[in-house]
There are 2 protein chains.
Amino acid sequence: MTPTITAFAQSPDRGRGLARDMRVRWALEEVGQPYEVRLVTFAEMKEAAHRARHPFGQIPTYEEGGLVLFESGAIVLHIAERHVGLLPEEANARARAIAWMFAALGTVEPPILELQNATLLERDKPWSDERLPIVKDRIRVRLGELSDHLGQDDWLGDGFSAADLMMVHALRRLEGSGLLDEHPSLFAYVARGQARPAYQRAFDAQLAVFTGRAPIRG
Amino acid sequence: MTPTITAFAQSPDRGRGLARDMRVRWALEEVGQPYEVRLVTFAEMKEAAHRARHPFGQIPTYEEGGLVLFESGAIVLHIAERHVGLLPEEANARARAIAWMFAALGTVEPPILELQNATLLERDKPWSDERLPIVKDRIRVRLGELSDHLGQDDWLGDGFSAADLMMVHALRRLEGSGLLDEHPSLFAYVARGQARPAYQRAFDAQLAVFTGRAPIRG
């Protein structure tokens, strides 16, 4: 059965692939699972029909037969558990990769979301200039720790996993902040993720929604 | 094999059970799994020995034979997958409960963490009084949506699950903010979680670390 996901009808990032449907598209491309996309407007996202799928009125969602899921982390984990290629097979390595998925969402991304709020929602507030460096320093702590852990490795575990997928996409939200440039190993890590063919197919598919043209790559 | 978790040697909340070891203790109590606790000081948390367990130098961690995990969500999911009682058996209901675990950590908790930062780290900043209502309004949006979803139900799914465990503990971090009082159904939901015998055993165990006395309940 072909799953259906939801994505923004009007991408607020103009096709830069920063919305969370990108994570689900990427996971589906990594495992070679075709999927359908239902585009929703901002108004539709807040209506009852969509809230039945996503109680917080956001994207992405995932529908497959009688299953309806929300939260990109849960959807990627669901895909990873039902296909080969996104999680190690050995039990301990698998649990460890899932821990890193949670770390991407629960430890690394929250200060990044706080920076997004600071720059998007509080940009015109009188405290913006003085407060931004404080918020950025919170992110710097996490990036330093992540960089220390990664060291010279290509991926968080032995080989690419759903943990890297979630982490690379969370880190991409720092583009333009200059913070990622302070850690060349993390900059290279994100580039490594983006260079994967599955990432590129997913990126092109979401970009095509914005441009209105079919994806360039197949 | 008895797992070992880590917790604060000096509880910063003076035994109120708001640290994330509480989530792991609660999960272990729900499934009846005895555990050992290794207490770590703030200094020890940042040393290499602990960072080998937790790259971000935090608690809790979970060790069981050769497995070392971090991130409370990942640890609770690991426990839930290996014992009966914290996740539904039916596949779709199970995936849905896991989605709600991610929602607690990825959608409901981030604005709560932002409020914690605002009240703990930015309390003395000149913008504090004007900014706090903005941060609180972000939480209100999420609480309204969560309350709408919960409706008259006792738990997020059919029966208590790890999703409620994560959500109740995330919501407890709003104590003292007045925000939970605006939604009587959520206030009752948190109280319902706290009334569970497993919660109470876990709470007493973490409180005993602070008081230096043995837990009152067994």
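Just so it is clear, the structure is predicted and the values come from calculations on it, not from any experiment. Sequence order as written defines the numbering, with residues in each chain counted from 1. Numbering of ligands from 1 and lettering of chains from A proceed in the order in which they are written. Thresholds applied to this predicted model are a pLDDT of at least 70 for local features of residues and 80 or more for the giving and counting of side-chain atom pairs; totals over whole chains, interfaces and linings are not thresholded and use all residues. As a convention, hydrogens and water are excluded, and side-chain values are obtained from all of the structure's heavy atoms.

The next point concerns the relation of the copies chain A and chain B. Rotating chain A by 180° and moving it 0.0 Å along the rotation axis overlays it on chain B with an RMSD of 0.0 Å. The operation mapping one copy onto its partner corresponds to a two-fold rotation axis. Here, residues are in contact when the closest pair of their heavy atoms is within 4.5 Å. Both copies present the same face, since 100% of the interface residues in chain A are matched by interface residues at the equivalent positions in chain B. For the least-squares superposition of copies, only C-alpha atoms count, and only for residues with pLDDT at least 70 in both.

A word on the sheet that holds strand β2 (residues 36–40) of chain A. Residues and elements named next belong to chain A. Here, a strand pair is defined by DSSP locating no fewer than two bridges between the strands. For the purposes of this entry, the term helix denotes a DSSP run of H or I that reaches at least four residues, the term strand denotes a run of E that reaches at least two, and both are numbered from the N terminus. With respect to topology, four strands assemble into an open sheet ordered β2-β1-β3-β4, the strand pairing being mixed. Each of the sheet's edge strands pairs with one partner strand only, and the pair in question is β2 and β4 (67–70). Between one strand axis and the next, the sheet turns through 25° on average, direction left out of account. Looking at chain direction, strand β3 (residues 61–64) and β4 are connected through four bridges and run antiparallel. Bridging from a neighbouring strand, Y62 pairs with L69 of β4. Throughout, an axis means a line fitted to C-alpha atoms (over the contacting stretch in the case of helices), and angles, computed between N-to-C directions, take values from 0 to 180 degrees. Across the sheet, helix α4 (residues 72–82) is in contact with β3 and β4; its angle to β4 comes to roughly 130°.

By convention, interface size is frequently given as the accessible area that disappears when the constituent parts associate. Residue and element names in this part refer to chain A. Domain start and stop points were drawn from an automatic or database domain assignment. Each domain of chain A was delimited in the assignment, giving domain 1 (4–85 + 198–211) and domain 2 (91–196). Listed as interface residues are 21 residues of domain 1 and, on the opposing side, 20 residues of domain 2. Buried area counts how much accessible surface, traced with a 1.4 Å probe, disappears from two parts once they are put together, with both parts' losses summed. Of the roughly 1800 Å² buried where domain 1 meets domain 2, counting both sides, 55% is carbon and sulfur surface. A per-residue breakdown of the area domain 1 buries against domain 2 is headed by L18, R23 and W26, which together make up 36% of the total. Whenever Lys or Arg places a side-chain nitrogen within 4 Å of a carboxyl oxygen from Asp or Glu, that contact is recorded as a salt bridge. Of the charged contacts, one joins E109 and R23 as a salt bridge, the two residues approaching to 2.6 Å between their closest N and O atoms. Secondary structure elements with two or more residues in the side of domain 1 that touches domain 2: α1 (21–31), α4 and α9 (197–211). By residue number, the principal contributor to the side of domain 1 that touches domain 2 is α4, which donates six residues.

Further remarks concern the environment of M22(A). Residue and element names in this part refer to chain A. The topology assignment puts M22 in helix α1. For M22, a relative accessible area of 0% translates into the label buried. Setting aside its immediate chain neighbours within four residues, M22 contacts G17, H169, Y199, A202, F203 and Q206. Under the scheme applied here, a residue whose accessible area is under 20% of the maximum for its type counts as buried, over 50% as exposed, and between as partly exposed, the area being computed with a 1.4 Å probe on protein chains only.

Let us now look at the packing of helix α6 (residues 128–150) of chain A against helix α8 (residues 184–194) of chain A. Residues and elements named next belong to chain A. Contact pair α6 / α8: the axes reach a minimum separation of 9 Å and the direction vectors enclose 75°. When the axes of α6 and α8 are compared, the pair comes out roughly perpendicular. Seen from α6, the contacting residues are L143, L146, S147 and L150; seen from α8, they are S185, L186 and Y189. Partitioning the contact of α6 with α8 into residue classes produces five nonpolar, two polar and no charged. For classification purposes, an angle smaller than 35 degrees is called roughly parallel, one larger than 145 roughly antiparallel, one from 65 to 115 roughly perpendicular, and anything else oblique. Under the scheme applied, nonpolar residues are Ala, Val, Leu, Ile, Met, Phe, Trp, Tyr, Cys and Pro; charged residues are Asp, Glu, Lys and Arg; polar residues are all the others, including Gly.

Right, let's talk about the UniProt feature "domain: GST N-terminal" (unreviewed entry) in chain A for a bit. Within this numbering scheme, the UniProt entry marks residues 8–87 of chain A as carrying the feature "domain: GST N-terminal" (unreviewed entry). The distance from the first to the last C-alpha atom of residues 8–87 of chain A is 28 Å, and the span holds 38% helix and 18% strand. UniProt positions are given in the numbering used here, feature names are shortened, and annotations may be inferred rather than shown by experiment.

Each pair of packed helices can be summarised by the angle the axes make with each other and by the distance between the axes. All names here are of chain B. Helix α7 (residues 162–172) packs onto helix α4 (residues 72–82) with a crossing angle of 155° between their chain directions and a minimal axis gap of 10 Å. Between α4 and α7, the interaxial angle falls into the category roughly antiparallel. Our pair here, α4 against α7, has a crossing hand that is right-handed. Taking contact as the criterion, the partners of S72, G73, V76 and A80 in α4 are, on α7, A162, L165 and M166. By residue class, the composition of the contact of α4 with α7 is five nonpolar, two polar and no charged. In this scheme the handedness of a crossing depends on how the near helix is turned from the far one: anticlockwise by less than a right angle means left-handed, clockwise means right-handed.

The rolling of a water-molecule-sized probe over the atoms marks out the regions of remaining empty space. Residue and element names in this part refer to chain B. Detection works on a 1 Å grid of protein atoms alone, calling trapped sets that fit a 1.4 Å probe cavities and calling open sets with protein on both sides within 12 Å along at least five of seven lines pockets, with lining residues defined by an atom within 4 Å of a point. Grid points are joined across faces, edges and corners, and a volume is the space filled by probe spheres set on the points. Scanning the model with the defined rule gives two cavities of 30 Å³ or more in all. Roughly 80 Å³ of volume is contained in the largest cavity. Lining the largest cavity are A7, F8, S11, D13, G17, L18, A19, D21, R25, Q206 and V209. Where the lining of the largest cavity is concerned, the elements lending two or more residues are β1 (4–8), α1 (21–31) and α9 (197–211). Partitioning the lining of the largest cavity into residue classes produces five nonpolar, three polar and three charged.

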